[in-house]
Amino acid sequence: MRRKLVAGNWKMNGSLAANTQLLTEIKSELGRAGASCDVAVCVPAPYLAQCQSLLFNTPVALGAQDVSTHEAGAYTGEVSTGMLSEFACRYVIVGHSERRAYFAESDELVAQKTARALIAGLTPIVCVGETLAQREAGQTDAVVGAQLNAVLSSIAASDLAKIVVAYEPVWAIGTGKTATPEMAQEVHAMLRKQLRAKNAVAAEEVRILYGGSMKPENAKELLAMSDIDGGLIGGAALKAVDFLAIIRAA
Ligand code: 13P
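Residues numbered from 1 in each chain as written. Predicted model: local features only at pLDDT ≥ 70, side-chain atom pairs only at ≥ 80, totals over all residues. Heavy atoms only, no water.

**What to know about the pairing of strand S4 (residues 89-94)**
- Among the 6 residues in S4, 5 count as buried, and that is most of the element.
- Bridge count between strand S3 (residues 60-64) and S4: 3 bridges; the pairing is parallel. When the sheet's bridge partners are listed, Ala64 is paired in S4 with Val92.
- Of the crossover connections in this fold, the one passing from S3 over helix H3 (residues 81-86) to the parallel S4 is right-handed.
- Bridge count for S4 against strand S5 (residues 123-128) is 4 bridges, and the pairing is parallel. Across the sheet, the residue bridging to Tyr91 is Thr123, located in S5. (Buried < 20%, exposed > 50% of the residue type's maximum accessible area, 1.4 Å probe, protein only. Helix = DSSP H or I, 4+ residues; strand = E, 2+ residues; numbered from the N terminus. Pairing = 2+ DSSP bridges. Right-handed = clockwise from strand over helix to strand, strands pointing away.)

Dropping the structure here:
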């Protein structure tokens, strides 16, 4: 049985004051009621130190939103895996569709970031997803399959259980449009099949998250599907009541 994971992706949001308020509310509720799933927040890099200290000794794990493919050196603006580890990051998102679309990240670059995260002992949350045009052209399986395939080609079969996959249809991100549970399940099942071809045993352990307008109102139905093992939450992760409601739904 896979333990569900609910991870917040704050994107480029937050402030010292807002982070303190949000995490204080989340911590106090989880301290009281506990959580029956794993919980993480992926925060902007400048807030890692603040969030590390706010989350010390809590059930909420820390994550980052991106990482360099390089170990160290003259790469202005980049953040290394070693730096993330120093701030006790457990997770790092790689290949988010916003990075693919706005920063021209290729499948190969995402694969390199995944491999780099694994070397450092971080858990990469590998994002895949199709655009609306691609879905309407019947290319969902081909696009998402190629995105995952690039990553699978760059890692050892023995490392497969160490990754998390997130299926985030681009057309559902920040739009209020959600994939129906059946639509999401169909893609998740396809992804699981692809994982099995790499390592059949480990594929059953890999958590495949759904992301794209997941909210308290639709979380329960989505999370009830057999291959949906959690959520990667954007907007709703910025409101403690909504994020907590999704955690409870899991
Ligand atoms: P929303 O939940 O705001 O649609 O964002 C999803 C997402 O991109 C998480 O990575």
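**Thoughts on the packing of helix H1 (residues 16-33) against helix H2 (residues 48-55)**
- For the pair H1 and H2, interaxial distance at closest approach is 10 Å and the crossing angle is 25°. Comparing the axis directions of H1 and H2 gives the class roughly parallel. Note on packing geometry: the crossing formed by H1 with H2 is right-handed. Here H1 contributes Leu16, Asn19, Thr20, Leu23 and Lys27 to the contact with H2, which in turn contributes Gln50, Cys51, Leu54 and Leu55. (Axes fitted to C-alpha atoms, helices over the stretch in contact; angles between N-to-C directions. Parallel < 35°, antiparallel > 145°, perpendicular 65-115°, else oblique. Left-handed = near helix turned anticlockwise from the far one by under 90°. Contact = heavy atoms within 4.5 Å.)

**A few points about the site of the ligand**
- Residues in close proximity to the ligand include Asn9, Lys11, His96, Glu168, Ala172, Ile173, Gly174, Gly212, Ser213, Leu232, Gly234 and Gly235, which together make up its full environment.
- Take His96: an N or O atom from its side chain is 2.8 Å from an oxygen atom of the ligand.
- When the ligand sits alone it has 310 Å² of accessible area, and the protein chains cover 95% of it. (Near = heavy atom within 4 Å. Polar contact = N/O pair within 3.5 Å; in protein donor to acceptor, adjacent residues only side chain to side chain. Areas by Shrake-Rupley, 256 points an atom, 1.4 Å probe, with all protein chains shown as cover.)

**Topic: helix H7 (residues 140-153)**
- With 14 residues, H7 should cover 20 Å at 1.5 Å per step; its first-to-last C-alpha distance of 20 Å lies within 8% of that length.
- Among all positions of H7, only Thr140, Val143, Val144, Gly145, Gln147, Leu148, Ala150, Val151 and Leu152 are buried.
- Contacts from the buried residues of H7 go to helix H4 (97-102), helix H5 (107-119), S5, helix H6 (132-136), strand S6 (164-167) and helix H8 (181-198). (Expected span 1.5 Å × (residues − 1).)

**Re H8**
- Between the first and last C-alpha of H8 there are 26 Å, a value that for 18 residues agrees with the 26 Å anticipated at 1.5 Å per step.
- Listing the buried residues of H8 in full gives Pro181, Ala184, Gln185, Val187, His188, Met190, Leu191, Arg192, Gln194 and Leu195.

**Looking at the sheet that holds S6**
- Taken in spatial order, the 8 strands of this closed barrel run S1-S2-S3-S4-S5-S6-S7-S8, and their pairing is parallel. Averaged over all neighbouring strand pairs, the angle between strand axes comes to 25°, with direction disregarded.
- One ladder, built from 2 bridges, connects strand S7 (residues 207-211) with strand S8 (residues 230-233); its direction is parallel. Bridging from a neighbouring strand, Tyr210 pairs with Gly231 of S8.
- Together, strand S1 (5-9), strand S2 (38-42) and S8 form the strand contacts of helix H11 (residues 240-249), whose direction differs from that of S1 by roughly 160°.

**Structural notes on the environment of Glu98**
- Residue position: Glu98 is located in helix H4.
- Owing to a relative accessible area of 23%, Glu98 belongs among the partly exposed residues under this scheme.
- Spatially, the C-alpha atoms of Glu98 and Ile208 are 19 Å apart, while their sequence positions differ by 110 residues.
- Setting aside chain neighbours within four positions, we find Glu98 in contact with Lys11, Phe103 and Ile173.

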